[in-house]
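One-letter residues, chain by chain:
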Amino acid sequence: MNLYGTLIVLHLLGASIWVGGHLVLACSVLPKALRTRDAGAVRRYEEGYERVGIPALIVQVITGIWLSHIKLPDPSLWFDFSNPVGRLIGIKLILLAATVGLAIDARFRIIPKLSDENLVSLAWHIVPVTLVAVLFLIVGASFRIGWMY
Ligand code: HEM
């Protein structure tokens, strides 16, 4: 397999883990935890998921930047919204900043104080991170299907 093929396969593998893991959390684990007021259920899922989820996100960033270099070698064009490829790369980098910001806020502000009573505050993080994950995937697919060109 050539380098480009390898990067795409790794990028899709990371995307499956990141998007799939968050959809399971947002659509299955979280609603049940909110119904039963069981913050421990979310914590247990997050502890197990973190071990594959964080490496997956790191893989996404490395392969994503690499693929961006292949598609548009000049990084100064990565936020050029008049360029169709630059626009998609720029949107992906903004989504990445939003993901990192939400993750830092959850890790250092919400999770240390997490209890059965304030589980809703974590839900306000899980839902946007999941929506951003799905947007990542749609913007990624747009390179091929041209939705945002
Ligand atoms: C969790 C985060 C991410 C997800 C879920 C994701 C998902 C995807 C998906 C599903 C594709 C389509 C691949 C294909 O056409 O076969 C894609 C393509 C792409 N992604 Fe991402 N991505 C993520 C993060 C990033 C980041 C941080 C960057 C860096 C700017 C990036 C840059 C790209 C590029 C340049 C392509 C086009 C590849 C090509 O067609 O040559 N991605 N992404």
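The rules behind the values
Residues numbered from 1 in each chain as written. Predicted model: local features only at pLDDT ≥ 70, side-chain atom pairs only at ≥ 80, totals over all residues. Heavy atoms only, no water. 1 Å grid on protein atoms, 1.4 Å probe; cavity = no way out; pocket = protein on both sides within 12 Å on 5 of 7 lines; lining within 4 Å. Points joined across faces, edges and corners; volume = space filled by probe spheres on them. Helix = DSSP H or I, 4+ residues; strand = E, 2+ residues; numbered from the N terminus. Nonpolar A, V, L, I, M, F, W, Y, C, P; charged D, E, K, R; others polar. Donors = N, O, S within 2.8 Å, 3.2 Å for Na, K, Ca; no water. Tetrahedral: all angles 85-135°; square planar, octahedral: opposite > 155°, others 65-115°. Buried < 20%, exposed > 50% of the residue type's maximum accessible area, 1.4 Å probe, protein only. Salt bridge = Lys/Arg side-chain N within 4 Å of Asp/Glu carboxyl O. Near = heavy atom within 4 Å. Polar contact = N/O pair within 3.5 Å; in protein donor to acceptor, adjacent residues only side chain to side chain. Sits in = over half its atoms within 2 Å of the grid points. Lys, Arg positive; Asp, Glu negative; His and termini not counted. Contact = heavy atoms within 4.5 Å. Expected span 1.5 Å × (residues − 1).

Once that is clear, we can look at the layout of surface pockets. Estimates place the volume of the largest pocket at around 750 Å³. Elements represented by at least two residues in the lining of the largest pocket include exactly helix 1 (3-36), helix 2 (39-71), helix 3 (84-110) and helix 4 (119-145). Looking at side-chain class alone, the lining of the largest pocket contains 18 nonpolar, six polar and three charged residues. What the second largest pocket holds in volume is close to 440 Å³. The set of elements that each furnish at least two residues to the lining of the second largest pocket consists of helix 1, helix 2, helix 3 and helix 4. Top contributing element to the lining of the second largest pocket by residue count: helix 3, with eight residues. A breakdown of the residues in the lining of the second largest pocket according to their chemical character gives 16 nonpolar, four polar and three charged.

Let us now look at the coordination of the iron atom of the ligand. At 1.8 to 2.1 Å from the iron atom of the ligand lie its protein donor atoms, namely His11 (NE2) and Lys92 (NZ). Relative to the metal, the six donor atoms surrounding the iron atom of the ligand lie at angles of 80 to 179 degrees, and the coordination shape comes out octahedral. Of this pair, histidine 11 sits in helix 1 while lysine 92 sits in helix 3, and the two are 81 residues apart along the sequence. Across the pair, exposure class does not vary: histidine 11 and lysine 92 are buried alike.

A separate point is the pattern of salt bridges. Here the structure, examined in full by the defined rule, presents three salt bridges. Put simply, arginine 107 and glutamate 50 hold a salt bridge, and the shortest N to O gap is 3.8 Å. Linking arginine 107 in helix 3 with glutamate 50 in helix 2, this pair joins segments that are 57 residues apart in sequence. Judged by its relative accessible area of 43%, arginine 107 is partly exposed. Of the charged contacts, one joins arginine 109 and aspartate 105 as a salt bridge, the two residues approaching to 2.7 Å between their closest N and O atoms. Pair noted here: arginine 109 and aspartate 105 are both in helix 3, with a separation of four residues, about one helical turn.

The full set close to the ligand counts 20 residues, and Tyr4, His11, Lys71, Lys92 and Arg144 are the nearest of them. One nitrogen or oxygen atom from the side chain of lysine 71 is found 3.0 Å from an oxygen atom belonging to the ligand. Arginine 144 places a polar side-chain atom, nitrogen or oxygen, 2.7 Å from an oxygen atom of the ligand. Judged by the fraction of its atoms near the pocket grid, the ligand is located in the largest pocket. If you list the elements that add at least two residues to the shell around the ligand, you get helix 1, helix 2, helix 3 and helix 4. For the shell around the ligand, the element with the most residues is helix 1, which contributes seven residues. Looking at the shell around the ligand residue by residue, the classes come out as 12 nonpolar, five polar and three charged.

Salt bridges are absent for the buried lysine 92, whose nearest opposite-charge side chain, aspartate 80, sits at 19 Å. Excluding residues that lie within four positions of it along the chain, lysine 92 makes contacts with His11, Phe136, Val139, Gly140 and Phe143.

Once that is clear, we can look at helix 3. Owing to its 3.6 residues per turn, the α-helix aligns residues three or four sequence positions apart on the same side. End to end, helix 3 covers 37 Å across 27 residues, agreeing with the expected 39 Å (1.5 Å per residue, within 8%). Of all the positions in helix 3, only Val85, Gly86, Leu88, Ile89, Gly90, Lys92, Leu95, Leu96, Thr99, Ala106 and Ile110 are classed as buried. Here the buried face of helix 3 lies against helix 1, helix 2 and helix 4. For helix 3, the N-terminal cap is asparagine 83; the gap from its side-chain oxygen to the backbone nitrogen of valine 85 is 2.9 Å.

This is a description of form; function is not addressed.
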